[in-house]
Amino acid sequence: MATAAALHLDFLFDGELDAVAAVAPEQLLGVIEFGAARTQTNAPQCPYAWVPMPALGATRFVEVWSSSAPVRRFRDADIDCACSDDTLFGVLHIEQRSDLLATTRDAYECIIDCAERQGFPHLLRLWNYFPGINEAESGLERYRCFSAGRHDAFVAKGRTIGPGTPAACALGTASGPLVIYFLAATRAGTAVENPRQVSAYHYPIQYGPRSPSFSRATRVSEPQPMLYISGTASIVGHATVHAGDAQQQLEETLTNIRAVAVDTVLGDGSRLYLKVYLRDAAYLPFVQTRLRAEFGPHAHIAYLQADICRSDLLLEIEGLCFGPDT
Ligand code: 3EB
C-alpha cells in the first residue's frame, strides 16, 4: 500500500513570511494569517483566511498547512477546499446576515455537507473566530448563540452531541466576519476527554441553552500520529476557577493540557505547536516565560490577543502535537 502523504504545519512570524513561498504551491492545503492588519501582498493560491486578531510579540503570524504530496483544490458551496488522499482542509468566511445562531447553523450544515460529499466525513478539528464573542445578541451572549447554532447543525445532520464530536476552539475577534477553518478525514479519529472536566457536551444549561459540541482533543494515527488539542482554559468540572487571576488560570490550564495529552510527549524534542490567546496583552511576559519553562525552547508558540468565550476566562491555549515517530 502506498504511504499516505504526511501533513505539515509551519508557524511563521513577520520576517519569516517569505517562507510561505518556499512551500511548493501545489502542496499547500491552507494558509491562515493572524494580525491586526491584513498583509498587503496577494493571498496565496490555496484556501486562505485573514483573522483580524493582533499577534503579540510580532506584527503578523501565519499558520501554513501543507501536504508532502500535491493536493487537489476546489470550491464547494461557500467553502474553499484543498485535499490530499486522506485529509480535507476547508475555509469559510461568512458575513453575518441574520442572527449569529442561524449564521452558525447554516455554516456548520454547509461544512458537514461538504465533508460528506467530498468523502471526508470525519470532522477532526475546527477553528472558529468571530467578533463580539462576549457581547449579547437578543439577550444571549454571542458565544452561546454560536454554540447553539453549531449544536443545531450537528443534530440536523444526524451527528452525535457526545463522544466522537470534533476538537475545536472558538475565540473572539475585534471585527470582521465569522471565520471557520477545519480538517476532516476519510478515517475517524479518537476523541479524548479530560477527567478533570465535565465534557463540554454535558455542560449544564447555565452556560447556554445548547451545550457546546466539541471534544477536549482528537487523536489520529493517520497520516501520522497527532493530537489535536482543543481550546483549553482554567475550567475544572464545568466551572471557571481562579477568576481574575491570570497567573493561576495559566497553571490550571497547563494542568488541563497535561491531563488531555497524558499519552503524548510534550515539551523538549516533541513537535508541539501552540496558539495562546490572551485577553490582555500585559500577560505576555509571564506567560511566555512560563511556557518556555513548561515546553522547552523547541515548542512553536504563537501569542494572540483575543476575547475568550467566557467573560471570566483570561487566557486559553490550543494546539497540535505531532507524535514522536513523525
Ligand atoms: C471550555 O473549555 C472553554 O466552543 O468550540 C474551548 C474549546 C472552549 C472549544 C468551543 C470552547 C470551545 O469550555 C471554551
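Shown above is the structure to which this text applies.
Everything numeric in this text was worked out from a predicted model, so none of it was measured. (Residues numbered from 1 in each chain as written. Predicted model: local features only at pLDDT ≥ 70, side-chain atom pairs only at ≥ 80, totals over all residues. Heavy atoms only, no water.)

### Digging into the nonpolar core
And step 1. Core analysis: the biggest nonpolar cluster contains 78 residues, and Trp65, Tyr129 and Tyr228 have the highest contact counts within it.
And step 2. No other element matches helix H1 (residues 100-117), which puts nine residues into this core.
And step 3. Look past the residues within four positions of Trp65 in its chain and what remains in contact with it is Leu7, His8, Leu9, Leu28, Leu29, Gly30, Phe89, Trp127, Tyr181, Leu183, Tyr228 and Leu320. (Core = buried A, V, L, I, M, F, W, Y, C linked by side-chain atoms within 4.5 Å. Buried < 20%, exposed > 50% of the residue type's maximum accessible area, 1.4 Å probe, protein only. Helix = DSSP H or I, 4+ residues; strand = E, 2+ residues; numbered from the N terminus. Contact = heavy atoms within 4.5 Å.)

### Re the sheet that holds strand S4 (residues 60-67)
And step 1. On the basis of which strands lie adjacent, the open sheet formed by four strands has the order S1-S4-S2-S3 and mixed pairing. Because the sheet does not close on itself, it has two edges, and the strands there are strand S1 (7-13) and strand S3 (48-52). Neighbour to neighbour, the strand axes of the sheet diverge by 15 degrees on average, direction disregarded.
And step 2. Across five bridges, strand S2 (residues 28-35) lies against S3 in parallel orientation. Its bridge partner being in S3, Ile32 is matched across the sheet by Ala49. (Pairing = 2+ DSSP bridges. Axes fitted to C-alpha atoms, helices over the stretch in contact; angles between N-to-C directions.)

### Observations concerning helix H4 (residues 284-295)
For an α-helix the count is 3.6 residues per turn, leaving residues at separations of three or four pointing the same way.
And step 1. Here H4 spans 16 Å end to end across 12 residues, near enough to the 16 Å set by a 1.5 Å rise per residue.
And step 2. Those residues of H4 lying buried are Leu284, Val287, Leu291 and Phe295. Looking straight down H4, one finds its buried side chains confined to an arc of 65 degrees; they lie on one side. Away from its buried face, by an angle of more than 90 degrees, H4 presents the exposed residues Pro285, Thr289 and Ala293.
And step 3. Where the residues of H4 are buried, they touch helix H3 (246-260), strand S18 (271-278), strand S19 (300-305) and strand S20 (315-322).
And step 4. Positive phi shows up at Gly296, right after H4, with a value of about 85 degrees. (Expected span 1.5 Å × (residues − 1). Arc of directions from axis to C-beta.)

### Side note on the packing of H1 against helix H2 (residues 142-156)
And step 1. It is the contact of H1 with H2, at a shortest axis distance of 7 Å, that shows an interaxial angle of 35 degrees. Relative to H2, H1 is oriented so that their crossing is right-handed. Between H1 and H2, the residues in contact are Leu100, Leu101, Thr104, Arg105, Tyr108, Glu109 and Ile112 and Arg142, Cys145, Phe146, Ala148, Gly149, Arg150, Asp152, Ala153, Phe154 and Ala156, respectively.
And step 2. Looking at the contact of H1 with H2 residue by residue, the classes come out as 10 nonpolar, two polar and five charged. (Left-handed = near helix turned anticlockwise from the far one by under 90°. Nonpolar A, V, L, I, M, F, W, Y, C, P; charged D, E, K, R; others polar.)

### Quick word on H2
And step 1. An ideal rise of 1.5 Å per residue puts 21 Å on 15 residues; H2 measures up with 21 Å between its terminal C-alpha atoms.
And step 2. Most of H2 is tucked away: 12 of the 15 residues are buried.
And step 3. As for H2, its buried residues are in contact with H1, strand S8 (122-131), strand S9 (136-137), strand S10 (140-141) and strand S11 (167-173).

### Let's talk about the packing of H3 against H4
And step 1. As a packed pair, H3 and H4 sit with axes 11 Å apart at the nearest point and diverge in direction by 25 degrees. Between H3 and H4, the crossing angle belongs to the class labelled roughly parallel. For H3 against H4, the interelement crossing comes out right-handed. Facing Ala246, Gln247, Leu250, Glu251, Leu254 and Arg258 of H3, the residues of H4 in contact are Phe286, Val287, Arg290, Leu291, Glu294 and Phe295. (Parallel < 35°, antiparallel > 145°, perpendicular 65-115°, else oblique.)

### Quick look at the side chain of Thr232
And step 1. As for its placement among the helices and strands, Thr232 is situated in strand S15 (residues 226-232).
And step 2. On the accessibility criterion, Thr232 (4% relative accessible area) is buried.
And step 3. At 2.8 Å, the side chain of Thr232 and the backbone oxygen of Ser230 are in polar contact. (Polar contact = N/O pair within 3.5 Å; in protein donor to acceptor, adjacent residues only side chain to side chain.)

### Quick word on the environment of Gly319
And step 1. Note that Gly319 resides in strand S20.
And step 2. For Gly319, a relative accessible area of 7% puts it in the buried group.
And step 3. Sequence spacing of Gly319 and Thr232 is 87 residues, and the spatial spacing of their C-alpha atoms is 9.3 Å.
And step 4. In this structure Gly319 touches Arg125, Leu227, Tyr228, Ile229, Tyr273 and Leu274, once residues within four positions along its chain are discounted.

### As for the site of the ligand
And step 1. Around the ligand sit Tyr143, Arg150, Ala168, Cys169, Ala170, Tyr203, Phe214, Arg216, Gly231, Ile235, Cys309 and Glu316, and those are all the residues in its vicinity.
And step 2. In this structure, Tyr143 approaches the ligand through a side-chain N or O atom, which is 2.5 Å from an oxygen atom.
And step 3. Taking Arg150, its side chain carries an N or O atom lying 2.7 Å from an oxygen atom of the ligand.
And step 4. Here the ligand, which alone exposes 360 Å², has 99% of that area covered by the protein.
And step 5. The set of elements that each furnish at least two residues to the shell around the ligand consists of H2 and S11.
And step 6. Residue classes in the shell around the ligand are distributed as eight nonpolar, one polar and three charged. (Near = heavy atom within 4 Å. Areas by Shrake-Rupley, 256 points an atom, 1.4 Å probe, with all protein chains shown as cover.)

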